[in-house]
Amino acid sequence: MEIIGSIDQLRARLSSEPDVCCVPTMGNIHDGHLSLVKIARQNAPVVITTIFVNRLQFGQGEDFERYPRTFEDDCAKLEAEGNTIVFHPDEQEMYAEQQEFFIDPPKVANTLEGRFRRGHFRGVCTVVVKLFNAVQPQSAVFGKKDYQQLAIIRRFVDQLLLPIRIIPAETIRAPDGLALSSRNRYLSAEERKEAPRLREAILQIRDWIRSGDRRFVAMEYAAGALLARYGWNVDYVVVRNQRELRRPAADDKDLVVLGAATLGSTRLIDNLEVSAP
Ligand code: PAF
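Model, not experiment: these values are computed from the prediction. (Residues numbered from 1 in each chain as written. Predicted model: local features only at pLDDT ≥ 70, side-chain atom pairs only at ≥ 80, totals over all residues. Heavy atoms only, no water.)

**Q** What is the right way to read the pattern of salt bridges from this model?
**A** When charged atoms on two side chains of opposite charge get close, those side chains can pair. In the structure shown here, the tally under the stated rule is 19 salt bridges. R13 is the salt-bridge partner of E2, the closest N and O atoms lying 2.6 Å from each other. Taken together, the positions of E2 in strand β1 (residues 2-4) and R13 in helix α1 (residues 7-14) put the pair 11 residues apart, joining distant regions of the chain. Assessed through its relative accessible area of 25%, R13 is described here as partly exposed. (Salt bridge = Lys/Arg side-chain N within 4 Å of Asp/Glu carboxyl O. Helix = DSSP H or I, 4+ residues; strand = E, 2+ residues; numbered from the N terminus. Buried < 20%, exposed > 50% of the residue type's maximum accessible area, 1.4 Å probe, protein only.)

**Q** How should the site of the ligand be read in this particular structure?
**A** Around the ligand, the surrounding shell consists of P24, T25, M26, N54, Q57, V127, F142, D146 and Q149. Look at the ligand: alone it shows 290 Å² of surface, and the protein chains cover 90% of it. Its residues assigned to classes, the shell around the ligand shows 4 nonpolar, 4 polar and 1 charged. (Near = heavy atom within 4 Å. Areas by Shrake-Rupley, 256 points an atom, 1.4 Å probe, with all protein chains shown as cover. Nonpolar A, V, L, I, M, F, W, Y, C, P; charged D, E, K, R; others polar.)

**Q** In this structure, what is going on with the sheet that holds strand β9 (residues 266-275)? I would like to understand it.
**A** The antiparallel open sheet is built from 3 strands, whose spatial order is β7-β8-β9. Taken across any chain shown, the strands that pair with only one partner, and hence form the sheet edges, are β7 (233-241) and β9. Going across the sheet, the axis of each strand differs from the next one's by a mean of 10 degrees, ignoring polarity. In terms of strand pairing, β7 meets strand β8 (residues 254-263) through 8 bridges, oriented antiparallel. (Pairing = 2+ DSSP bridges. Axes fitted to C-alpha atoms, helices over the stretch in contact; angles between N-to-C directions.)

**Q** Quick question: what am I supposed to make of unusual backbone geometry here?
**A** When glycine is set aside, most residues are seen to have a negative phi, and most peptide bonds are trans. At N28, a residue that is not glycine, the phi angle is positive and equals roughly 50 degrees. Within the secondary structure, N28 sits in the loop between β2 (20-25) and α2 (31-43). Relative accessible area serves as the criterion here: at 8%, N28 is assigned to the buried category. We note that L112 has phi near 45 degrees; this positive angle belongs to a residue other than glycine. With respect to the helices and strands, the residue L112 is situated in the loop between α4 (91-94) and α5 (113-116).

Laid out in structure tokens, this is it:
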């Protein structure tokens with residue numbers, strides 16, 4: 001497996017590769033990321049995983065400094081999964097001068113995650129465009145775990161006519177249902193036991209929707225109250241339509257339940273797509 005840090009070298013290396021699939025990550029590779037690499041391999045002969053902890057998408061007081069950086073380990077796992085190239089630029093390479101031009105996402109970026117993480121999606125979209133321009137892939141894989149991120153990236157790629165196919169990937173879970181995330185490592189043993197409850201609250205809403213119930217506000221309230229009873233600090237548990245992440249209209253059937261809540265000092269997110277009958 002090759003490791004490349006410079007954009008010039010990366011472009012030189014890729015100049016004669018007609019089909020490249022990109023897996024953008026911030027490192028701390030776990031089975032969730034490896035599943036993205038697996039999907040990328042099924043889609044292209046050359047897979048580039050990018051590892052870059054993007055300062056621009058972290059708000060003040062968020063975990064940019066303590067975000068786990070485990071580069072050696074990450075490379076060993078990626079190599080074992082058959083990844084072709086790791087693109088690992090440093091801050092100077094990605095932000096050689098102060099970033100003054102941004103991708104400014106629409107209102108959906110100020111809801112849900114964006115409401116609690118101001119500027120987050122502006123930082124995500126801006127770095128994703130830069131990574132796309134550095135790698136110039138034909139396709140890229142993004143996990144559904146970050147559902148709002150995937151929805152926003154799909155739409156900006158569409159609207160800005162970027163010639164890149166976005167491939168969504170299912171969330172990978174621990175046996176007890178907890179969605180894999182780099183942030184799970186912040187949980188204490190006690191919190192780790194409690195953590196699957198966010199998923200369970202979402203599953204409960206899924207079951208209600210599947211049974212034909214459309215009293216979404218009542219469901220959201222019940223799920224939030226359940227989590228609060230078990231000590232969670234709930235940011236939201238909501239039902240939205242899949243494409244625009246707006247409140248479902250009467251005839252919307254492709255729905256998604258999204259939740260975000262903090263346990264101790266660790267903020268977890270999860271979601272599940274649901275087809276209403
Ligand atoms: O999902 C992530 O890890 C990040 O938001 C991404 C897409 C790599 C951009 O920094």
